[in-house]
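# Residue-level structure breakdown
The residues making up each chain are set out below.
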Amino acid sequence: MDIKIENLRVFNGVSFVAHSARVSGVGRVPCECGSREDCERCAGSGMREPTDEEIFSMIVENDYSSALEHVVFSFEIRGLSKGNALELLEHRIASHTGRSTRYQSEEGFDFNLPPRVEEILRKRGIDEQEYKALALSDAPMPEQLPKQERKILEEYARAMRTSREAYSALLELGAGKESARYATPFAMHTAYTYTINLRSLINFFGLRLCVRASPEMRELAAKLYMAVREKFPQISLVWCRGYNYAACPENEVRDSPQGRECPFKDRNSRVFIPTRKQIREGIALEKFDQQAFEKVREKLLRRWAGKS
Ligand SMILES: Cc1cc2nc3c(=O)[nH]c(=O)nc-3n(C[C@H](O)[C@H](O)[C@H](O)COP(=O)(O)OP(=O)(O)OC[C@H]3O[C@@H](n4cnc5c(N)ncnc54)[C@H](O)[C@@H]3O)c2cc1C
Ligand SMILES: [Zn+2]
């Protein structure tokens, strides 16, 4: 798919969150010196002021999250399908400005490919742009494809071509953009300017960096996660809800076909995260290995962002 995150900005950061926590009141922490009288950090009391980073991590880990609302991210999202944009907008604690189909012409619109079409192209080594070019020119799909796969590629191509043609025809007939847009598909690209605070972003990542999220939302979440991490490495403290809570709330769904690809559900692995239900049954998170988790995370990010 074609999702892009551009012009990412971060307003406020770790030090501002720490500042807000200090205004509220933050306790001292044990000093590493062992109460040495010449210690500059605790003057021998054994207790010192926490650093900004320590306060920030404590707030994330203990979920004192209103202080995280001071950190705000703004960016542009391009190449998201109109249909999946609705899923993004379900995240209500955010601000968004969308591309208008009433005022902008969508003639020659670009579009995303559905998961099954992408899968076929990947399996058969066909480039996505090459497929789109064939689709739009009504050229035949490669002969050597199995019949059902070929038919899927053809039907989808036909739908995109027809929709584009109908849009242009309606404009030509003077129906206007406001009416012509009714002929556009779920898959058509749209764009958003988006602003979200860190508390809400953690909630977004928790829900969408999960095998249960739709492929396009996972792609968006993975690309956003990587872009945010470049500017704000502390985002590494969070991942899916299971990781964030050390307990996955998906319970039995994780064992259903929808949870098939979850890498955290195997009780014998070093990245096993129990579900809430399992915890109540006495199954604990015992041998979680952070380094192993980080390897799994990088693999998922690359896969979901379409880089491997
Ligand atoms: C795998 C998956 C499948 C989904 N399937 C569906 C589906 O089939 N149909 C569907 O409609 N949606 C579906 N959703 C969307 C989901 O129900 C949420 O609307 C979406 O994930 C946004 O989450 P949120 O409400 O936590 O976020 P936000 O809207 O950003 O809200 C953040 C938090 O604020 C609080 N909050 C916000 N609004 C209210 C409110 N009105 N009352 C009380 N507290 C509030 C809640 O604590 C919430 O967690 C799905 C989501 C996922 C991840
Ligand atoms: Zn000390």
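Let me begin by describing the structure that accompanies this report. As a convention, each chain's residues are numbered from 1 in the sequence order in which they are written. To label them, take the chains in the order written and letter them from A, then take the ligands in the order written and number them from 1. The predicted nature of this model means local features are confined to residues of pLDDT at least 70 and side-chain atom pairs, given and counted, to a pLDDT of 80 or more, with totals for whole chains, interfaces and linings taken over all residues. The basis for every side-chain value is the complete set of non-hydrogen atoms in the structure, without hydrogens or water.

## Overview of unusual backbone geometry
Our working rule: The way it works is that DSSP assigns letters per residue, a run of H or I at least four long becomes a helix, a run of E at least two long becomes a strand, and they are numbered from the N terminus. Using a 1.4 Å probe on the protein chains alone, a residue whose accessible area is under 20% of its type maximum counts as buried, one over 50% counts as exposed, and one in between counts as partly exposed.
Backbone geometry at Ala43 places phi at a positive 50°, although glycine is not the residue there. Here Ala43 lies in the loop between strand 2 (29-30) and strand 3 (47-48). Classification of Ala43 as exposed rests on a relative accessible area of 60%. You will see that Asp138, though not glycine, has its phi angle at about 60°, which is positive. In this fold, Asp138 is placed in the loop between helix 5 (128-137) and helix 6 (147-172).

## Here's the deal with the coordination of the zinc ion (ligand 2)
Octahedral metals with six donors have ideal donor angles of 90 or 180 degrees. Tetrahedral metals with four donors have an ideal donor angle of 109.5 degrees. Put simply, the rule reads: Sodium, potassium and calcium take a 3.2 Å donor cutoff, other metals 2.8 Å, and in both cases only N, O and S atoms count; water is not among them, so sites may look incomplete. By the criteria applied here, four donors are tetrahedral when all angles lie between 85 and 135 degrees, four are square planar and six octahedral when opposite donors are over 155 degrees apart and every other angle lies between 65 and 115, and any other arrangement is irregular.
With distances of 2.2 to 2.3 Å, the protein atoms coordinating the zinc ion (ligand 2) are Cys31 (SG), Cys33 (SG), Cys39 (SG) and Cys42 (SG). Each of the four donor atoms around the zinc ion (ligand 2) contributes to a set of angles spanning 101 to 119°, which defines the coordination as tetrahedral. Binding-site remark: the zinc ion (ligand 2) is held by donors from one chain whose sequence spacing is C-x1-C-x5-C-x2-C. One end of the pair, Cys31, is in the loop between strand 2 and strand 3; the other, Cys42, is in the loop between strand 2 and strand 3, and 11 residues separate them in sequence. Cys31 sits in the buried class, given a relative accessible area of 12%.

## With respect to the pattern of salt bridges
What counts, and what does not: When a carboxyl oxygen of Asp or Glu lies within 4 Å of a side-chain nitrogen of Lys or Arg, that pair is called a salt bridge.
This structure, assessed with the given rule, holds 29 salt bridges. For Arg48, the salt bridge goes to Glu54, with nearest N and O atoms at 2.8 Å. Judged by relative accessible area, Arg48 falls into the buried class, the value being 2%. Given the relative accessible area of 33%, Glu54 is considered partly exposed. One continuous salt-bridge network, built from bridges that share partners, spans Glu32, Arg41, Arg48 and Glu54.

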